[in-house]
Amino acid sequence: MMATADDQFYREYILDHYKNPRNYGRLEQPDISHEEDNPLCGDVVGMDFRVKDGVIEDIRFHGRGCAISQASASLLTERLKGLALEDAKRINKDDVLGELGIEISPARIKCALLSLKVLKVGAYGLADDDEE
Amino acid sequence: MAIRTLDVAAIRKDFPIFETGIAYLDSANTSQRPRQVTGAMLEYFEKFNSNIHRAAYRIAEEATVRYEATREKVRAFINAASTKEIVYTRGTTEAINLVAYAWGRKNIKSGDLIVLTILDHHSNIVPWQILAAEKGAHIEYVDIDERGELRQDQFADLLKRGPKLVAFNLVSNAMGTINPAREMVAAAKKTGATVLVDGAQSTPHQPVDVRALGCDFYAFSGHKMLGPTGAGILYGRRELLEAMDPFMAGGDMIKTVRVEGTTYHDLPWKFEAGTQAIAEVIGLGAAVDYLNELGMDAVRAHELEITEYAYESLSEVDRLTVYGPPPSRRAGVISFALQGIHPHDLATIADRDQVCLRAGHHCAMPLMTRLGIPATARASFYVYTQKEEVDRLVSSIKEAQRIFA
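Here we summarise the structure given alongside this text. None of the values given here were measured: they were computed from a predicted structure. (Residues numbered from 1 in each chain as written. Chains lettered and ligands numbered in written order. Predicted model: local features only at pLDDT ≥ 70, side-chain atom pairs only at ≥ 80, totals over all residues.)

Turning next to the overall build of chain A. When helices and strands are tallied, chain A shows six helices and three strands. Expressed as a percentage of its 132 residues, the buried residues of chain A come to 36%. A separation of at least 24 residues holds for 61% of the contacts in chain A among residues at least 6 apart in sequence. (Helix = DSSP H or I, 4+ residues; strand = E, 2+ residues; numbered from the N terminus. Buried ≥ 20, exposed ≤ 12 C-beta atoms within 10 Å, placed from the backbone. Contact = placed C-beta atoms within 7 Å.)

Dropping the structure here:
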């Protein structure tokens, strides 16, 4: 029974994104580059953006940490690539959590939202408001 | 003298929380509390709830007597010379901050050296960093060797530079290393340093004798030794405490207050301003009684047995690294990491199996940096821990490895 619960939490595609992260690495001469960490657990996520005519033409992320933080970053880059900056700005925490599609406990919410923080603080210089 | 062995099955009956089915492996974080402790607190609330040291009616006298009785219990438990040397605080953190503020601001000067260790908890680092920045003092940290033990050669070299203060933990919360405290205190005292020992992880788990230890200050928390949160102890040698000014000012810490000025109360009340955590202090007294009943030698012996068992069990797991010294040189704490699985993911999977496991930097970020890792998973044990709980941890680890394979 427990195994099933675990499998639901660590859904196959989350593990897949963790083990085979999409858009992983660095961009040479990015237009925007920003990194954030979660000092409580040592998770780190950074993103490089290339922006042309208001559209995110290319994106890479790098980092280390738990499956939730890294899969969340990988999923977010997939969504951001090719997206207009204006549309990217509208991505909120519900979108990110919805994309993960699992119940995130309060203790892990910062892991799940670290990549969104990188996007908001780095790409738009938005206030570092608490996503909790 | 033969050491008694703990009757763990009987002990567990005193802890209603185990009826929930959890495997609790996070006692270095906070322990569970037996009915004897919660019962003593409940008795205060229901039978003699009132403020101490003030009122002249019977239940307030009862509250005062019970509150002060803990002081004698704690004095005897750590073999201090006098109850005047036993100051109630909220916990270890407040006790160390009290010393940093009330002793440190008076005694640490520009250019002074403070010696800490890389094994220290943030609560024994940050107060000294603040003090050092304010006074223009500087801090050096004793490093560890490859076994996770303090480099005594480096410590000896630092002592040659005449530190004003030496502060270190007797047991590392992050790795469980038991430091050779008696030797370290003696060496530091020989150079004239004032010595503070952080006893947060040692007091619950082994016999403590502050006079044999020879330190000037000794700090610990009640909530890691079966007591409630919010009640801890600062032990200080009397002459040092006498020479210190108060930490907090307000009611109960004064003798007389006039508009022109105030005279402070005698020890230890000089350091206990405002309405105190009465129920919690009474609970701490009950925790000390409980531990005395078990016998601290027996407590240590049980933990060593569990730690050896866990160390062996974990060592047999593939792709698992245990940090720190062998079981005989560590307290009931095992920090470890799994290749390819972040400690938080392991803790989440373990939680699904009701195994309570700590994951993170354990308030020892300098140590994590030193080890070159962001975090570890940590299992820690106490008087109620059974081998079956360790087995459940190993199952959870294997389950995590299956999921992440």
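When the parts of a complex come together, some accessible area is lost, and that lost area is often taken as the interface size. On the chain A side, the residues contacting the 14 residues of chain B number 16 residues. For the side of chain B that touches chain A, the secondary-structure elements that each account for two or more residues are helix H12 (343-352) and helix H14 (387-404) of chain B. For the side of chain B that touches chain A, the element with the most residues is H12(B), which contributes five residues. Grouping the amino acids of the side of chain B that touches chain A by side-chain chemistry returns five nonpolar, five polar and four charged. (Nonpolar A, V, L, I, M, F, W, Y, C, P; charged D, E, K, R; others polar.)

Let's shift gears to the environment of Ala249(B). All names here are of chain B. Looking at where alanine 249 falls in the secondary structure, it is placed in the loop between helix H9 (238-243) and strand S9 (254-258). With 13 C-beta atoms packed within 10 Å, alanine 249 lands in the partly exposed category. A C-alpha to C-alpha distance of 55 Å links alanine 249 and glutamate 316, two positions 67 residues apart in sequence.

Before going further, it helps to examine the sheet that holds strand S2 (residues 43-52) of chain A. All names here are of chain A. Taken in spatial order, the three strands of this open sheet run S1-S2-S3, and their pairing is antiparallel. Here the strands that pair on one side only, and so sit at the sheet edges, are strand S1 (32-38) and strand S3 (55-64). Taken over all neighbouring pairs, the strand axes of this sheet differ in orientation by 15° on average, direction set aside. Each of S2 and S3 touches helix H3 (residues 67-80); the most contacted strand, S3, lies at about 170° to it. With respect to the sheet, helix H6 (residues 109-124) is in contact with S1, S2 and S3, its orientation differing from that of S1 by roughly 145°. (Pairing = 2+ DSSP bridges. Axes fitted to C-alpha atoms, helices over the stretch in contact; angles between N-to-C directions.)

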